[in-house]
Amino acid sequence: MLKRDYLVKQFEEFGKVMAILLGLKKDGLFPELSDAIEESLKKYTALEIKYVESIAHESLLETLTQEKKLNDEQLKMLADLVYEKGEYYASINSTEEASTNCYKKAYLIYLFLKENATLNYSLDMHYKLEILKKMEL
């Protein structure tokens, strides 16, 4: 029961973080958006965005689940933040490779969660999966 309460509280807190990120993106505050993504990633997964971006797609899930021991909830948060980093790169007209790299990683994590996780169904995750699938990463 205590673990469930903790997870609910953590997801509520993360929901607020995502709202802040969306606000920063909407307002065009891209340096602040990048900093907030980095800070949130460290807080919820203890990983840095540059490290995640550097992991090869082929070993991404094994690295995250076996080496870094991220649970389903952390993987969901990671996917959301990596997706937002892809949006950030696309917004600042960064190289297509940077945004595609982030989108591909988010897609792989979402797909893994959809097929393997014990998480409740997420409409947001389903929506992002469909968007990413249409990008033909």
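If you're wondering where the values come from, they're calculated on a predicted model, not measured in any experiment.

Student: Looking at this structure, I do not really get helix H5 (residues 72-91). What am I missing?
Tutor: Working note: α-helix, 3.6 residues per turn, so residues spaced by three or four point in the same direction. Counted at 1.5 Å a residue, the expected span for H5 with its 20 residues is 28 Å, and the 28 Å between its end C-alpha atoms agrees. Summarising burial for H5: 16 of the 20 residues are buried, a large majority. A side-chain oxygen of the first residue of H5 lies 3.1 Å from the backbone nitrogen of glutamate 73; this N-cap is asparagine 71. Positive phi shows up at asparagine 93, right after H5, with a value of about 55°.

Student: What is the right way to read the pattern of salt bridges from this model?
Tutor: Oppositely charged side chains can form a pair if their charged atoms are brought close together. Under the defined criterion, the tally for this structure stands at 10 salt bridges. With a shortest N-O distance of 2.5 Å, glutamate 13 and lysine 43 are connected by a salt bridge. Remark: lysine 43 occurs in helix H2 (residues 30-45) and glutamate 13 occurs in helix H1 (residues 2-26); sequence separation between them is 30 residues. Glutamate 13 sits in the partly exposed class, given a relative accessible area of 30%. With a relative accessible area of 54%, lysine 43 lands in the exposed category.

Student: Looking at this model, I keep getting lost on the environment of aspartate 35. Mind explaining?
Tutor: Residue placement: aspartate 35 occurs in helix H2. Taking the relative accessible area as the measure of exposure, aspartate 35 reaches 53% and is therefore exposed. Each C-alpha atom, one on aspartate 35 and one on glutamate 53, is 15 Å from the other, the two residues being 18 residues apart in sequence.

Calculation rules
- Residues numbered from 1 in each chain as written.
- Predicted model: local features only at pLDDT ≥ 70, side-chain atom pairs only at ≥ 80, totals over all residues.
- Heavy atoms only, no water.
- Helix = DSSP H or I, 4+ residues; strand = E, 2+ residues; numbered from the N terminus.
- Expected span 1.5 Å × (residues − 1).
- Buried < 20%, exposed > 50% of the residue type's maximum accessible area, 1.4 Å probe, protein only.
- Polar contact = N/O pair within 3.5 Å; in protein donor to acceptor, adjacent residues only side chain to side chain.
- Salt bridge = Lys/Arg side-chain N within 4 Å of Asp/Glu carboxyl O.

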